[in-house]
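This is what each chain is made of:
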Amino acid sequence: MHGMHRHRVKRSFQRRSQILAAVLFNGYLLGFQKGRIFTGASKAVCVPVLNCYSCPGALGACPVGSLQSALGSGFPFYTVGLLMVFGILLGRLVCGLLCPFGLVQDLLHKIPLPKWKLPEKPDRAARYLKYAVLLLLVLLLPALSAGENGVPVPWFCKYLCPAGTLEGGLPLLLTNPFLRQAVGLLFSWKALVLAAILAASMVIHRPFCKYLCPLGAFYGLFNRISFYQMNLEPASCTGCKSCERVCPMNVRITQTINSPECIRCGKCKAACPAGAITSGFSLGKARSGAHSGQAAEAQGKELPK
């Protein structure tokens, strides 16, 4: 009973954090009513998550869109530096607690439909797609497509980003009849991408985060060195793998708890009956899966295969 209560409390904290972040990042309510994009001074500041600049309620800028726009005039020190600060401080905790599109996927996954996972080998191969999206659509192609005016084509925003379609495209179309008349093949493609990801979210937990999100790819690079860490105490671990059964990102928690795939949602911590998983800010080295394995072996305790 205590474990179930702890799980409900942690889940409630995650949901409240996600909703609060979505409201804070998109708090210009008049924008939704009038179909106009907020243009105040805060729009020059990047939020740490995927949140469309063109969303009528957006009070800040999306870091991916800002990154692509800045590539036409040189290295985007401000955006990259800001992302690195969040990566070093939090890692993918940003994804688990702050991302509005992550919240959308989480809510869709609660719909009572049969759930499934990709087989292990295809799943692990598909995880590399988000790094290809980051390298090609966010960095290389925008940098190479900048014309004489120095304005690059925002390849990711233009051709793939589902958050932009959901938060920006659809609300603006609903309130602006002139935009509806101008809808063409490109928007139809973006709507198809969005529909496919939303449909997949009902049966696969966070498919966009797992396979396509460039911010998830970037923040994942910092998971093992960020100040915020997940820790597994091998002396307390019973090897039941309850943590791995509830993990939405299919992380091998008993081997590499701070995997680049971990979004630090806390479900593993709440599900552990022995209280072997802790999390928090630390300047020390994370207890990686290899370290946990060595400690368990020293105690004559074998981690589960």
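What comes next is a walk through the structure.

Thresholds, definitions, all that
Residues numbered from 1 in each chain as written. Predicted model: local features only at pLDDT ≥ 70, side-chain atom pairs only at ≥ 80, totals over all residues. Heavy atoms only, no water. Helix = DSSP H or I, 4+ residues; strand = E, 2+ residues; numbered from the N terminus. Buried < 20%, exposed > 50% of the residue type's maximum accessible area, 1.4 Å probe, protein only. Contact = heavy atoms within 4.5 Å. Axes fitted to C-alpha atoms, helices over the stretch in contact; angles between N-to-C directions. Parallel < 35°, antiparallel > 145°, perpendicular 65-115°, else oblique. Left-handed = near helix turned anticlockwise from the far one by under 90°. Nonpolar A, V, L, I, M, F, W, Y, C, P; charged D, E, K, R; others polar. 1 Å grid on protein atoms, 1.4 Å probe; cavity = no way out; pocket = protein on both sides within 12 Å on 5 of 7 lines; lining within 4 Å. Points joined across faces, edges and corners; volume = space filled by probe spheres on them. Phe/Tyr/Trp six-rings, centres within 6.5 Å; stacked < 30°, edge-to-face > 60°.

## So, the overall build of the protein chain
Regarding its fold elements, the protein chain presents 17 helices and 2 strands. Looking at the protein chain as a whole, 46% of its 305 residues are labelled buried. Look at the contacts in the protein chain between residues 6 or more apart in sequence, and 75% of them connect residues 24 or more apart.

## Digging into the packing of helix 10 (residues 162-175) against helix 12 (residues 185-201)
Contact pair helix 10 / helix 12: the axes reach a minimum separation of 9 Å and the direction vectors enclose 120°. As far as their axial angle goes, helix 12 and helix 10 are oblique. Helix 10 and helix 12 meet at a crossing whose hand is left-handed. Listed contacts from helix 12 to Pro162, Thr165, Leu166, Gly169, Leu170 and Leu173 of helix 10 are Phe187, Lys190, Ala191, Leu194 and Ile197. Of the residues in the contact of helix 10 with helix 12, the class split is 8 nonpolar, 2 polar and 1 charged.

## Description of the layout of surface pockets
Looking at the largest pocket, its volume works out to about 560 Å³. Surrounding the largest pocket, 27 residues form its lining, Cys52, Ser54, Pro154, Cys157 and Lys158 being those nearest its centre. Sort the elements by how many residues they give to the lining of the largest pocket and helix 10 lands first, with 6 residues. The class makeup of the residues in the lining of the largest pocket is 15 nonpolar, 10 polar and 2 charged. What the second largest pocket holds in volume is close to 390 Å³. Looking at the second largest pocket, it is lined by 20 residues, and the ones nearest its centre are His109, His205, Val246, Pro248 and Lys267. Elements with a contribution of two residues or more to the lining of the second largest pocket: helix 1 (2-25), helix 6 (100-109) and helix 15 (242-246). In terms of residues, the lining of the second largest pocket owes the most to one element, helix 1, which gives 4 residues. Taken together, the residues that form the lining of the second largest pocket break down as 6 nonpolar, 5 polar and 9 charged.

## Some remarks on the packing of aromatic side chains
Evaluated as defined, the whole model comprises 8 aromatic pairs. On the basis of an interplanar angle of 45° and a centroid distance of 5.4 Å, the ring pair of Trp155 and Tyr159 is categorised as tilted. In this pair, Trp155 and Tyr159 are both assigned in helix 9 (residues 155-159), 4 residues apart and thus about one turn of the helix distant. Relative accessible area serves as the criterion here: at 27%, Trp155 is assigned to the partly exposed category. Owing to a relative accessible area of 31%, Tyr159 belongs among the partly exposed residues under this scheme. Ring geometry for Phe218 and Tyr219: centres 6.1 Å apart, planes at 70°, overall edge-to-face.

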